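Observations on the three-dimensional arrangement
Chain by chain, the residues run as shown.
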Amino acid sequence: MVVHFGLLGLLLAGVAVGNQVVEQAKKREVVTLVAPPPDSYTLRAAANVVGGGGGGGDRDPLPAPKGRVPKFALLQIAPPQIVLRNAAPKLTVEATVTVPPLVHLAENHMPTLGTPSAVAMPAAPPSNGTGSGGGIGSGSGGGVGVGHGAGVGAGSGGGIGGGVFKVGGGISAPQAISAPDPQYTEEARLSKTQGTCTLWLIVDASGNPRDIRVVRGLGSGLDAKAMEAVRQWRFDPALKDGKPVNVEISVEVEFRLY
């Protein structure tokens, strides 16, 4: 009997062990982080115009002479100077302008810094220019040229000039000389929609509006009607130093039901 009970116990133990469910271990997922390619975060060059600009000077009575552009950098620590006002700085830092390093300009191979657009005058005395805020030129903001900001050339906000100015700081506002009223849509009449549509646009040096965008719209088809009307507007252009320039502005187009 003892032998029989022993055999029976072994059989029962074997069945219990055979039916045991073993949970399979989950595989570890390995995620490899790959840096994005450089062209996904660097500034891409425009097909025809590189926007931005900058300017400078230290209120010297003489204009800045012709010269080469300083080193490009994404962050400016020290503005460029031709005439050093601090001959013994506590910390020496290379002067730069705020332009993406991937932007390439034609080299004029001048030995000294200056404004590349100036007329070459071999006997011209050194000068930082008639502008203000540091830098070189007749603009302001620590850059080089006639613009505003730490970039180079006409325009503002850094980068290479030829861009768009903002009203203020010697830039006059354009004046509308022809402003046809917008038309109402039937949808807006039925829904009794009225109010103000705000648009952002550029008025070019010829007084024509372009690059119109809706900043605050009304819907019911009125935004499109506002843009359609403003495209027909004509302006006396903004002026800088008496010369017409491109400028960005915002306009409000009113829609009222009477």
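Provided above is the structure to which this section pertains.
Definitions and cut-offs
- Residues numbered from 1 in each chain as written.
- Predicted model: local features only at pLDDT ≥ 70, side-chain atom pairs only at ≥ 80, totals over all residues.
- Heavy atoms only, no water.
- Helix = DSSP H or I, 4+ residues; strand = E, 2+ residues; numbered from the N terminus.
- Buried < 20%, exposed > 50% of the residue type's maximum accessible area, 1.4 Å probe, protein only.
- Contact = heavy atoms within 4.5 Å.
- Areas by Shrake-Rupley, 256 points an atom, 1.4 Å probe, with all protein chains shown as cover.
- Polar contact = N/O pair within 3.5 Å; in protein donor to acceptor, adjacent residues only side chain to side chain.
- Phe/Tyr/Trp six-rings, centres within 6.5 Å; stacked < 30°, edge-to-face > 60°.
- Lys NZ or Arg CZ within 6 Å of the ring centre and 35° of its normal.
- Pairing = 2+ DSSP bridges.
- Core = buried A, V, L, I, M, F, W, Y, C linked by side-chain atoms within 4.5 Å.
- Salt bridge = Lys/Arg side-chain N within 4 Å of Asp/Glu carboxyl O.
- Arc of directions from axis to C-beta.

A separate point is the overall build of the protein chain. A tally of regular secondary structure across the protein chain gives 3 helices and 14 strands. Every one of the 258 residues in the protein chain was classed for burial, and the buried ones make up 35%. Of the contacts made within the protein chain by residues no fewer than 6 positions apart, 70% connect residues no fewer than 24 positions apart. In the structure as shown, the protein chain presents an accessible area of about 16700 Å², 59% of it carried by carbon and sulfur atoms.

Mapping Thr193 onto the fold places it in the loop between α2 (186–191) and β9 (195–203). In terms of polar contacts, Thr193 uses its side chain to reach the side chain of Ser220, at 3.4 Å. Excluding its chain neighbours within four sequence positions, the residues that come into contact with Thr193 are Tyr184, Ala188, Leu218, Ser220, Leu222 and Leu257.

On to the packing of aromatic side chains, then. For the structure on display, the rule yields 2 aromatic pairs. An angle of 90° between the planes, with centres 5.6 Å apart, marks the rings of Tyr184 and Phe255 as edge-to-face. Of this pair, Tyr184 sits in the loop between β8 (175–178) and α2 while Phe255 sits in strand β14 (residues 247–255); the two residues are 71 residues apart in sequence, bridging distant segments of the chain. Phe255 matches Tyr184 in its accessibility class, with the two residues each being buried. Ring centres of Trp233 and Phe235 lie 6.3 Å apart, and the angle between their planes is 50°; this geometry places the pair in the tilted category. In this structure, Trp233 and Phe235 share a single accessibility class: buried. The aromatic ring of Trp200 is capped on one face by Arg213, whose charged end is 4.1 Å from the ring centroid.

A separate point is the sheet that holds strand β10 (residues 209–216). The strand order across the open sheet built from 4 strands is β7-β14-β9-β10, with neighbouring strands paired in mixed fashion. In the strand order of this sheet, the two ends are held by β7 (165–166) and β10, each with one partner. In this structure, β9 lies alongside β10, joined through 5 bridges in antiparallel fashion. The residue of β10 that forms the bridge with Thr198 is Arg216.

Residues Val247, Ile249, Val251, Val253 and Phe255 point to one face of β14 and are all buried, whereas Glu248, Ser250, Glu252 and Glu254, pointing to the other face, are not buried. Relative to β14, β7 runs parallel, the two being bridged by 2 bridges. The residue bridging Lys166 from the neighbouring strand is Glu248, located in β14. The sheet contact formed by β9 and β14 spans 9 bridges and is antiparallel. Bridge assignment links Cys197 to a residue of β14, and that residue is Val253.

Turning our eyes to something else, we now look at unusual backbone geometry. Notably, Arg59 is not glycine yet its phi reads approximately 60°, a positive angle. With respect to the helices, strands and loops of the structure, Arg59 is situated in the loop between β1 (52–55) and β2 (71–73).

A regular strand carries its side chains on alternate faces of the sheet. With 9 of 9 residues buried, β9 lies mostly within the body of the structure. Hairpin connection of β9 to β10: 5 residues between the antiparallel strands, including Gly207 at a positive phi of 90°.

Of all hydrophobic cores here, the largest spans 23 residues; its most connected members are Leu199, Leu201, Val230, Ile249, Val251 and Phe255. Taken together, the elements giving at least two residues each to this core come down to β9, α3 (222–230) and β14. The next biggest cluster of nonpolar side chains, apart from the first, holds 9 residues, and it includes Ala64, Val99, Ile136 and Val144.

Following the criterion strictly, the structure yields 5 salt bridges and no others. Ionic pairing is found between Asp58 and Arg85, a salt bridge with its closest N-O pair at 2.8 Å. Taken together, the positions of Asp58 in the loop between β1 and β2 and Arg85 in the loop between β2 and β3 (96–98) put the pair 27 residues apart, joining distant regions of the chain. Salt-bridge contacts for Arg256 lead to Glu254; the nearest nitrogen and oxygen are separated by 3.2 Å. Three or more residues joined by partner-sharing salt bridges are found here, namely Asp58, Asp60 and Arg85.

This paragraph deals with α3. Within α3, burial applies to Leu222, Asp223, Ala226, Met227, Ala229 and Val230. For α3, the angular spread of buried residues about the axis comes to 160°, placing them on one side.

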